[in-house]
Amino acid sequence: MDQAIAQLKQWIAESDNVVFFGGAGVSTESGIPDFRSVDGLYHQKWKYPPEEILSATFFSRHPDEYYRFHREKLVIDGVKPNRAHLRLAKLEQEGKLRAVITQNIDGLHQAAGSKNVLELHGSILRAYCSRCRKPYSAELMNHGEGVPRCDCGGVIRPDIVLYEEPLDEDVMMRAIHYIRAADVLIIGGTSLNVYPAAGLIRYYRGEKLALVNLSETPYDSYANLVIHQKIGDVFSQI
Ligand code: APR
């Protein structure tokens, strides 16, 4: 086992207050592409740039085009939690991990058995009416045809944070609470490019910040431990 992974394993063995902060790189081994890797969603050719499609302005102006992208690119049937999701759920069951804070909208942490999951960017497994806010099952939205509408006539939308939209205040405050109090903070599978999510790690006050990411991030020098390997491989060793 490489030295850095052995160190992370030891930090976890000695702690009952580990917090995980993750992104799309946690789900790539489940078959869900991330956003900014070479084969990521933002490098795929589409009628409009994906980052534009995933904005509140685009959703309100072109709901039909949004839903074509949503069903083709965001909804991937049959995906399952991978080794990283499963290990995190186990660490929570063992009383070591206090919270998973994720930027992902795929629900795979909960599917793996994690209970305390803070979804900074929401989830495509929940939907509501953009006019009257009536909650809806995600089924119609994810697998229906055309633009799903509420009885009130409003457009049904996913419970995700689109560009130009604020993050949920309560989720942010809870995330800050866990990160500020954490003994060990593990950051995994995220390029730490998107704010305010990426800025949350500045609330960490300990000396055991481990960054597990295939590529370099702007926070590598800020971490106490950097492991540039596949998160599934690393988590199967800790
Ligand atoms: N193991 C470790 N790291 C991985 C793996 C893996 N198996 N697969 C990919 N990665 C790394 C990539 O190298 C990349 O640095 O995960 C990172 C994913 O970064 P992004 O694609 O930018 O995804 P993320 O950081 O989650 O993006 C944040 O941007 O568009 C928004 O709302 C969207 O939540 C998303 C946010």
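See the structure shown above.
Numbering of residues starts from 1 in each chain and follows the order in which that chain's sequence is written. Local features in a predicted model are, by the rule used here, given only for residues with pLDDT of at least 70; side-chain atom pairs are given and counted only at 80 or more, and totals for whole chains, interfaces and linings are based on all residues. The side-chain quantities take in all heavy atoms of the structure and omit both hydrogens and water.

Draft legend 1. Structural context of helix α1 (residues 3-13). The buried label goes to any residue with under 20% of its type's maximum accessible area, the exposed label to any with over 50%, and the partly exposed label to all in between, with areas taken from a 1.4 Å probe on protein chains only. In DSSP terms, a helix is any run of H or I states spanning at least four residues, a strand is any run of E spanning at least two, and both are numbered starting from the N terminus. Listing the buried residues of α1 in full gives Ala4, Ile5, Leu8, Trp11 and Ile12. One side of α1 carries all its buried residues, which in axial view fall inside an arc of 120°. The outward face of α1, more than 90 degrees from its buried face, is lined by the exposed residues Gln3 and Ala13. When checking whether two residues touch, look at their non-hydrogen atoms; a contact exists if any pair is within 4.5 Å. Taken together, the buried residues of α1 touch β1 (18-22), α5 (83-93), β7 (184-188), β8 (209-212), β9 (225-227) and α9 (231-235). Residue Asp2 occupies the N-cap position of α1, its side-chain oxygen lying 2.9 Å from the main-chain nitrogen of Ala4. Directions from the helix axis toward the C-beta atoms define the arc. Pairs of N or O atoms within 3.5 Å make up the polar contacts considered here, provided that, within protein, one atom can donate a hydrogen while the other can accept it, and that residues adjacent in sequence are counted only when both atoms are side-chain atoms.

Draft legend 2. Structural context of the side chain of Glu65. Considering the arrangement of structural elements, one finds Glu65 in helix α4 (residues 63-74). On the basis of relative accessibility, which here comes to 5%, the residue Glu65 falls in the buried class. Glu65 has contacts with Trp46, Lys47, Tyr48 and Phe58, leaving out every residue within four places of it along the chain.

Draft legend 3. Summary view of the site of the ligand. In this text, near means that some heavy atom of the residue lies within 4 Å of the molecule or strand in question. If you check the shell around the ligand, you find 23 residues, and the closest are Glu29, Arg36, Tyr42, Thr190 and Ser191. Ala24 is positioned such that a nitrogen or oxygen atom in its backbone is 2.8 Å from an oxygen atom of the ligand. Separating an oxygen atom of the ligand from a side-chain N or O atom of Thr190 is a distance of 2.7 Å. Surface burial for the ligand is 94%, taken as the share of its 730 Å² of free accessible area covered by protein chains. Lys, Arg, Asp and Glu make up the charged group, whereas Ala, Val, Leu, Ile, Met, Phe, Trp, Tyr, Cys and Pro make up the nonpolar group; the residues left over, Gly among them, are polar. Looking at the shell around the ligand, its residues break down into seven nonpolar, twelve polar and four charged. Accessibility throughout is a Shrake-Rupley quantity obtained with a 1.4 Å probe, and a residue counts as covered only by protein chains that appear here.

Draft legend 4. Here's a closer look at the packing of aromatic side chains. Here a pair means two rings of Phe, Tyr or Trp (six-membered ring of Trp) with centres within 6.5 Å. Their orientation is stacked below 30 degrees between planes, edge-to-face above 60, and tilted elsewhere. Summed over all chains, the structure comprises eight aromatic pairs. For the ring pair Tyr48 and Phe58, a centre distance of 4.8 Å and an interplane angle of 75° mean the geometry is edge-to-face. Taken together, the positions of Tyr48 in the loop between β1 and α2 (50-53) and Phe58 in helix α3 (residues 56-61) put the pair ten residues apart, joining distant regions of the chain. Overall, Tyr48 belongs to the partly exposed group, its relative accessible area being 24%. An angle of 65° between the planes, with centres 6.0 Å apart, marks the rings of Phe59 and Tyr67 as edge-to-face. With respect to burial, Phe59 and Tyr67 carry one shared label: buried. Criterion for a charge above a ring: Arg CZ or Lys NZ at most 6 Å from the ring centre, at most 35 degrees from the ring normal. Looking at Arg157, its charged tip hangs above the ring of Phe59, at a distance of 5.9 Å from the centre. Here Arg202 stacks its cationic end above the ring of Tyr222, 5.0 Å away from the centre of that ring.

Draft legend 5. Summary view of the side chain of Thr102. As for its position among the elements, Thr102 is in strand β2 (residues 97-102). For Thr102, a relative accessible area of 2% puts it in the buried group. At 2.9 Å, the side chain of Thr102 and the backbone nitrogen of Asn104 are in polar contact. Those residues in contact with Thr102 that sit more than four places away from it in its chain are Gly22, His109, Val117, Leu118, Glu119, Leu120 and His121.

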